[in-house]
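Structure assessment
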There are 2 protein chains.
Amino acid sequence: MELKQNIKIAVDAIVFGYADNKLNVLLIKQKFGELKNQWALVGGFVKDNETLIDAVNRELQEETGIKVNYLEQLFTFGDNVNRDPRFRVVSVAYFALVNSTKLVLQADSDAEDAKWFSINELPKLAFDHKEILKTAQRRLQSKLSYQPIGFDLLPKEFLFSELENLYCTILERKIDRRNFRKKILSFGIVEETEKFGNKIKGRPAKLYRFNKQKYNKLVKDGFLFEINFA
Amino acid sequence: MELKQNIKIAVDAIVFGYADNKLNVLLIKQKFGELKNQWALVGGFVKDNETLIDAVNRELQEETGIKVNYLEQLFTFGDNVNRDPRFRVVSVAYFALVNSTKLVLQADSDAEDAKWFSINELPKLAFDHKEILKTAQRRLQSKLSYQPIGFDLLPKEFLFSELENLYCTILERKIDRRNFRKKILSFGIVEETEKFGNKIKGRPAKLYRFNKQKYNKLVKDGFLFEINFA
DNA sequence: GCAAAAGTGTTAGACCTACACCCATGG
DNA sequence: CCATGGGTGTAGGTCTAACACTTTTGC
């Protein structure tokens, strides 16, 4: 069976960050090609001897120097045959979360610039990256309700109000503060620390920590994380 | 940017069927290649001007002549660089459901033979197809609880006991008959017909029908299908 | 003492779970 | 009349949803 196939495989990463009550996405400005100066998702072509995951991590490293907290395969975009004007590309998109948008971004060799954009103030994007981003946002919204991935968007120690705001912001709706806290604490996977956050106004707030070990142990015994509010 | 990439893209389909209280998978026996006579998932290489979905449908047509009820992208397997002994292949796996395993299978040009196998009595599979199948089975199990995909495995009109058995079989646990029926009927998306199934023993059982239009309408208003039993 | 955000309980209703008997038919 | 599978209701407990005031701090 002779096989003449001329399709290229790329990976793209949708990197979400959370800061100042906003959900942000990491984009890079392209340095080369017809699409020079357009904003795009982090990504690039897969090397012959490289796994898909390795390719994503390499691109993240090369283009932004960032280290993500959570990474999972999102979807493979390959139904638009003319997606890339240069040649046919099938792109395996990955979904990533990092804690704190404040980390230093280093625009490295392949990207002219790397920057965080609020999900509500996106620039024009290259290729079909807008569609990919929408898919990622929906995945984030749905996963937030049944997996403890919100913690991957926060620093190790966080205020309860930050967690609460994160849920409100990403799910785009209001949540009852008391019920939310009760539910989260009832799981026993979020622990109070001795420390306090440095807020300027109002009563000082305790810092909390997500206990991942405990979560994993509970999961083995059939525990299901679930947050659903009216 | 010169690009020398030598990776091929394939699609594979995991086709589930349900008959005689058993969950079945459609496999084909390979006609050519080093893996001749091994059983494998339906699948093949993507053509240059063909979308991924079109490629899956074409392979399904060519290899089995089957028409599926439900088709969605499952996962892209590309982290095992030596997956296929011939050359590096990245495979986009699709997840498909058909109603009634009794439909006629025609082993066509590319496959020596196409056959249904019970998920519990699988032969040795080619490549990493066993792993793909496991992933598909987990997806089926989890989707069954929050999307009405069980109906895609049944004929248009079905007995309540068939639906019930389908859930028990796929989820591999017992379900309370009364609670199950109550829950399903409470959604208002399954309707009683005037007809009766032709059972041999016992009291005649009414046939029911899934009303997809109604389901879609309800979903727009925020309805969530969910079946969770202890 | 006032503004700002943190922290905290209760109650009514909805939903889930567990459970067993009668019904309609064919042989 | 008996064997077989179909069809049905209720009560107790659990979980959810709705709701507002007090506390601690900085200014």
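From a predicted model like this one, the values you see are computed outputs, not experimental measurements.

Quick look at the sheet that holds strand S9 (residues 206-210) of chain B now. Backbone-to-backbone hydrogen bonds join strands into a sheet, with any given pair of strands oriented parallel or antiparallel. Residues and elements named next belong to chain B. Spatially, the 3 strands line up as an open sheet ordered S7-S9-S8, and their pairing is antiparallel. Strands with a single pairing partner mark the edges of an open sheet, and in this sheet they are strand S7 (157-159) and strand S8 (190-196). Across the sheet, the axes of successive neighbouring strands diverge by a mean angle of 45°, strand direction being ignored. Where S8 and S9 come together, 4 bridges link them in antiparallel fashion. Each residue of the ladder has a partner; that of Glu192, found in S9, is Tyr208. Lying over the sheet, helix H3 (residues 160-171) contacts S7, S8 and S9, oriented at roughly 75° with respect to S7.

Glancing now at the packing of aromatic side chains. Tallying each qualifying case throughout the model produces 28 aromatic pairs over all chains. Taking 5.7 Å as the distance between ring centres and 40° as the angle between the ring planes, the aromatic pair formed by A:Phe151 and A:Phe158 counts as tilted. A:Phe158 matches A:Phe151 in its accessibility class, with the two residues each being buried. With a centroid separation of 5.1 Å and an interplanar angle of 65°, the aromatic rings of B:Phe75 and B:Phe77 are classed as edge-to-face.

Taken as rigid bodies, chain A and chain B are interconverted by a rotation of 179° and an axial shift of 0.0 Å, the fit giving an RMSD of 0.1 Å. Viewed as a symmetry operation, the transformation between the two copies matches a two-fold axis. A shared binding surface is used by both copies, with 100% of the interface residues of chain A retained as interface residues in chain B.

Right, let's get into the domain arrangement of chain A. Residues and elements named next belong to chain A. Domain boundaries assigned for chain A yield domain 1 (8-143) and domain 2 (147-221). Residue-level contacts link 16 residues of domain 1 with 14 residues of domain 2. Looking at the side of domain 1 facing domain 2, the largest losses of area belong to Tyr18, Gln141 and Lys143, adding up to 43% of the total buried there. For the pair domain 1 and domain 2, the number of links is 0 salt bridges.

Now for the packing of H3(B) against helix H4 (residues 177-187) of chain B. Packed helix pairs are specified by the crossing angle of their axes together with the interaxial distance, meaning the distance between the axes. Residue and element names in this part refer to chain B. In the contact formed by H3 and H4, the axes pass within 11 Å of each other and the chain directions differ by 105°. Taken together, the axes of H3 and H4 are roughly perpendicular relative to one another. Contact with H3, carried on its side by Phe160, Leu163, Glu164 and Tyr167, involves Arg177, Phe180, Arg181, Ile184 and Leu185 of H4 and no other residues of that element. Split by residue class, the contact of H3 with H4 holds 6 nonpolar, no polar and 3 charged.

Turning next to the protein's contact with DNA strand D. In the vicinity of DNA strand D there are 23 residues, among which B:Arg177, B:Arg181, B:Lys182, B:Gly202 and B:Arg203 approach most closely. Sugar and phosphate atoms constitute 39% of the interface atoms of DNA strand D, taking the interface as everything within 4 Å of the protein. Between DNA strand D and A:Lys182 there is a distance of 3.4 Å, counted from a base nitrogen to a side-chain nitrogen or oxygen. In this structure, a base oxygen belonging to DNA strand D sits 3.1 Å away from a side-chain N or O atom of A:Arg203. Residues of the surface near DNA strand D, tallied by class, amount to 6 nonpolar, 5 polar and 12 charged.

What follows concerns the pattern of salt bridges. Residues and elements named next belong to chain A. As enumerated under the stated definition, the model contains 21 salt bridges over all chains in all. Across the pair Glu157 and Lys195 runs a salt bridge, and its minimum N-O distance is 2.9 Å. With Glu157 in strand S7 (residues 157-159) and Lys195 in strand S8 (residues 190-196), this pair connects stretches of sequence that are 38 residues apart. Residue classification places Glu157 among the partly exposed residues on the basis of a relative accessible area of 23%. For Arg177, the salt bridge identified is with Glu164, shortest N-O distance 3.9 Å. Highlighted residues: Arg177 in helix H4 (residues 177-187) and Glu164 in helix H3 (residues 160-171), separated in sequence by 13 residues. According to the relative accessible area criterion, Arg177 is exposed, its value standing at 61%. In this structure, a network of salt bridges that share partners links the residues Glu50, Arg58, Glu59 and Glu62.

Criteria and cut-off values
- Residues numbered from 1 in each chain as written.
- Chains lettered and ligands numbered in written order.
- Predicted model: local features only at pLDDT ≥ 70, side-chain atom pairs only at ≥ 80, totals over all residues.
- Heavy atoms only, no water.
- Pairing = 2+ DSSP bridges.
- Helix = DSSP H or I, 4+ residues; strand = E, 2+ residues; numbered from the N terminus.
- Axes fitted to C-alpha atoms, helices over the stretch in contact; angles between N-to-C directions.
- Contact = heavy atoms within 4.5 Å.
- Phe/Tyr/Trp six-rings, centres within 6.5 Å; stacked < 30°, edge-to-face > 60°.
- Buried < 20%, exposed > 50% of the residue type's maximum accessible area, 1.4 Å probe, protein only.
- Least-squares fit on C-alpha atoms with pLDDT ≥ 70 in both.
- Domains from an automatic or database assignment.
- Buried area = accessible area lost by both parts, 1.4 Å probe.
- Salt bridge = Lys/Arg side-chain N within 4 Å of Asp/Glu carboxyl O.
- Parallel < 35°, antiparallel > 145°, perpendicular 65-115°, else oblique.
- Nonpolar A, V, L, I, M, F, W, Y, C, P; charged D, E, K, R; others polar.
- Near = heavy atom within 4 Å.
- Polar contact = N/O pair within 3.5 Å; in protein donor to acceptor, adjacent residues only side chain to side chain.

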